[in-house]
Amino acid sequence: MEKISVAVRFRPPNPSPAAAEPPSYPSGGDREWRMDDIRVSLFHRAAPVPAASFSFDHVFDGAATNARVYGALVRDLIRAAVDGFNGTAFAYGQTSSGKTFTMNGSEADPGIIPRAVRDVFDTVRQDEEREFLIRVSYMEIYNEEINDLLTFDGQKLRVHESLDRGVYVAGLREEIVNSAEQVLELLQLGEANRHFGETNMNVRSSRSHTIFRMVIESRAKNQMDSGDAIRVSVLNLVDLAGSERVDKTGAEGVRLNEGKHINKSLMILGNVINKLSENGKQRGHIPYRDSKLTRILQPALGGNAKTSIICTAAPEEVHIEETRGTLQFASRAKCVSNCAQVNEILTDAALLKRQKLEIEELRKKLQGSHSEVLEQVVLKLRNDMHKSELERDRLAMELEEERKLRETLQHCLAEKQKMLEDLNNTSISPDQFTDSTQLDTLKTPDSNYTQDGFVARRSRYSNDVEFSPIPENLDNVADEDLWMRLNKGCITDLDMLEMTPGPKREAAPLEEEEPTDARCQRLEKDCISDRQQLEDLKARCVTLEKERDLPRDENSTLQHELSKSKQEANRLIAEKQEQLEDWKARCVALEKELSRSKQEAENLSAEKQELSRELGAEKQKMEELKQDIRVISGAFSQRERQLTSLYTKSKAIVEHCKGSQIATLP
């Protein structure tokens, strides 16, 4: 979005007020306009505080020249128009404030239009990479009717709108020009056809709005570099008629009717500016169609164009109210924004080529540095998350081990406390036991002590028996024959059985019992030590839990960042996919348009061939007619010679007759 550039220009004071101002408006007063580079203020001569103040992009006093105004406002506009942007510059103000002088100028100080024309051709000559085609047209809006100033037909033109051309004037003559001098000649022709009139405020007052339009087409000399793109820009240079009051101009009849139409169109222009300067939510319908002027200038007012406005004003006190209205219009116009962009026309093949290049660029961007950075970020986040998970698992294992150790210590401490309580409740001493047997039962058993017994030594047999035979019949009582069969005839030597003496063992002396008080003190010390260890373990558990929670928080943060990165990557991929789908749809539409254009081209080619045949036939007929004309001309010449000869002979006969008659007279 770009704001409209607005400047205010005060003309020099009129040297003869009586000639320019009505007698009822004296020039003396106590108010005056004061200005600097960007501000205009209305002061009372008796008060130092301004009654009203306005600020603009530029403010020019009466000493400013057209060259200075052009350099500040329009020169950059011309450069942008040559580069493919639409541009509009127009002068606005009351009648006799210097609008026409600002736009057209004089021989000594050319105005904006002649300077812009020369600047366009100078800029075109300096551009060696592109070739240009420039067309111009010149129209006026007189009493809400559009006239072509480059023709003498006086045909009323109409405003149309199409999707391809936008808003345009049908039937307007456009001249292809090659030099600034050719354009200036056309401007002189248009000025001669423009409507002017005399009023009390201006001897040569403009009675119509004029729009001088230059259409600048360009393309690269090497078309492969730019994809066959053709830039088409429109430069509008507008000279508006001035608003006027009937009591000051003294208009009557035709002049009064002209003033009504001028004031109405300027009022609609002010309404359009008011609507465009409002906030977007409060902005209602914009009345472009209420006037042909605003309809034609619609792209320049809040549309696709770069716009500059020069508001002209008169410094005399008698025109303070009109000047205030002009400054208020300029202040509102300063708030209007346009959206200017380069206007390009692409052939179907060039558009497909450009779209392919853009698609490749998008793919490179997706696969390029940005995606690599995202992948690196995602990989780093994943590694950090994996490290934090491992750290969390390690801390969880340590915490679990500490918990088990703490439970074990608590269990041991509880047992020792229970033992301590039992010892405190019941005190045991050896004096309570009179029988040694009872005392031995409380002692710890000795596993090395064994009772006395006997061991039967097995006799040495001469032959070892693998197994005893199994008897066929077993009865309840075993007799000697059965034992003999089982032992295979081996007889046990009872004399060989002898008693094995038991090991000699000295009686273990009784251990000296630990005193109960000392044991209680030792257990209490163990309890205190265990409690201290338990407290240390609890503190360590708290520390480990905090250390475990810290990686968990970091893990959650990393997961959140990872999800954000994934969402951003998905969003970018979705956007690129949407753009790709859009380009594909446009390619399909362009292919359809291309096929339709080819069909139309074929139809036009067929029509051209038909017309060529008809033209050949007409040429043949024309040759036949020429031959007939030549034959008739020859016959006519011969007939003329015969008539001349007859006339000469008849004249000679008449003269001879007259001579003979004179000779016969007496």
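Right, let's walk through the structure included here. (Residues numbered from 1 in each chain as written. Predicted model: local features only at pLDDT ≥ 70, side-chain atom pairs only at ≥ 80, totals over all residues. Heavy atoms only, no water.)

Side note on the sheet that holds strand 5 (residues 50–55)
Paired through backbone hydrogen bonds, the strands of a sheet run either parallel or antiparallel to each other.
Logical step 1: A sheet is described by the order of its strands in space; here three strands give the open sequence 3-4-5, paired in antiparallel fashion. The two strands at the open ends of the sheet, each matched to only one other strand, are strand 3 (31–35) and strand 5. Adjacent strand axes in the sheet meet at a mean angle of 15 degrees, parallel and antiparallel pairs treated alike.
Logical step 2: Here strand 4 (residues 39–44) pairs with strand 5 via five bridges, running antiparallel. Within strand 5, the position partnered with Arg39 by the bridge is Ser55.
Logical step 3: Contacting strand 3, strand 4 and strand 5, helix 11 (residues 320–333) runs over the sheet at an angle of about 35 degrees to strand 3. (Pairing = 2+ DSSP bridges. Helix = DSSP H or I, 4+ residues; strand = E, 2+ residues; numbered from the N terminus. Axes fitted to C-alpha atoms, helices over the stretch in contact; angles between N-to-C directions. Contact = heavy atoms within 4.5 Å.)

Details of the environment of Lys416
Logical step 1: Mapped onto the secondary structure, Lys416 falls in helix 13 (residues 369–425).
Logical step 2: Judged by relative accessible area, which is 27%, Lys416 ranks as partly exposed.
Logical step 3: Lys416 sits 108 residues away from Glu524 along the chain, and the two C-alpha atoms are 8.7 Å apart.
Logical step 4: Once you skip the residues sitting within four places of it in the chain, Lys416 turns out to touch Asp526, Cys527 and Asp530. (Buried < 20%, exposed > 50% of the residue type's maximum accessible area, 1.4 Å probe, protein only.)

Concerning the packing of helix 2 (residues 66–73) against helix 3 (residues 75–82)
In a pair of packed helices, the angle between the axes and the distance between the axes together describe the arrangement.
Logical step 1: One way to put it is that helix 2 packs onto helix 3 with a least axis distance of 4 Å and a crossing angle of 50 degrees. With respect to helix 3, the axis of helix 2 lies oblique. Contact residues: Tyr70, Gly71 and Leu73 in helix 2; Arg75, Leu77 and Ile78 in helix 3.
Logical step 2: A per-class count over the contact of helix 2 with helix 3 returns four nonpolar, one polar and one charged. (Parallel < 35°, antiparallel > 145°, perpendicular 65-115°, else oblique. Nonpolar A, V, L, I, M, F, W, Y, C, P; charged D, E, K, R; others polar.)

Thoughts on the nonpolar core
Logical step 1: Ranked by internal contacts, the top residues of the largest apolar core, which has 45 residues, are Trp33, Phe56, Tyr92, Leu240, Leu269 and Leu301.
Logical step 2: For this core, the leading source of residues is helix 9 (residues 254–277), giving seven residues.
Logical step 3: If near-sequence neighbours (up to four positions away) are discounted, Leu269 is found in contact with Tyr92, Leu240, Leu293, Thr294, Leu301 and Phe329.
Logical step 4: Core analysis: the second largest hydrophobic core is formed by 37 residues, Leu73, Leu77, Tyr138 and Ile216 among them. (Core = buried A, V, L, I, M, F, W, Y, C linked by side-chain atoms within 4.5 Å.)

Side note on the packing of aromatic side chains
Logical step 1: Using the criterion set out here, one finds four aromatic pairs in the structure.
Logical step 2: Ring geometry for Phe54 against Phe56: centres 6.5 Å apart, planes inclined by 15 degrees, an arrangement best described as stacked. Per residue, the accessibility class of Phe54 equals that of Phe56, and both read buried.
Logical step 3: Ring plane angle 90 degrees and centroid distance 5.7 Å describe the contact between Tyr138 and Phe212, whose orientation is recorded as edge-to-face. Of this pair, Tyr138 sits in strand 8 (residues 130–142) while Phe212 sits in strand 15 (residues 209–220), placing them 74 residues apart in sequence. Summarising the burial analysis for this pair, Tyr138 and Phe212 share the class buried.
Logical step 4: Taking the ring centre of Tyr168 as reference, the NZ or CZ of Arg165 above it sits at 3.9 Å. (Phe/Tyr/Trp six-rings, centres within 6.5 Å; stacked < 30°, edge-to-face > 60°. Lys NZ or Arg CZ within 6 Å of the ring centre and 35° of its normal.)

Purely geometric numbers; function is a separate question.
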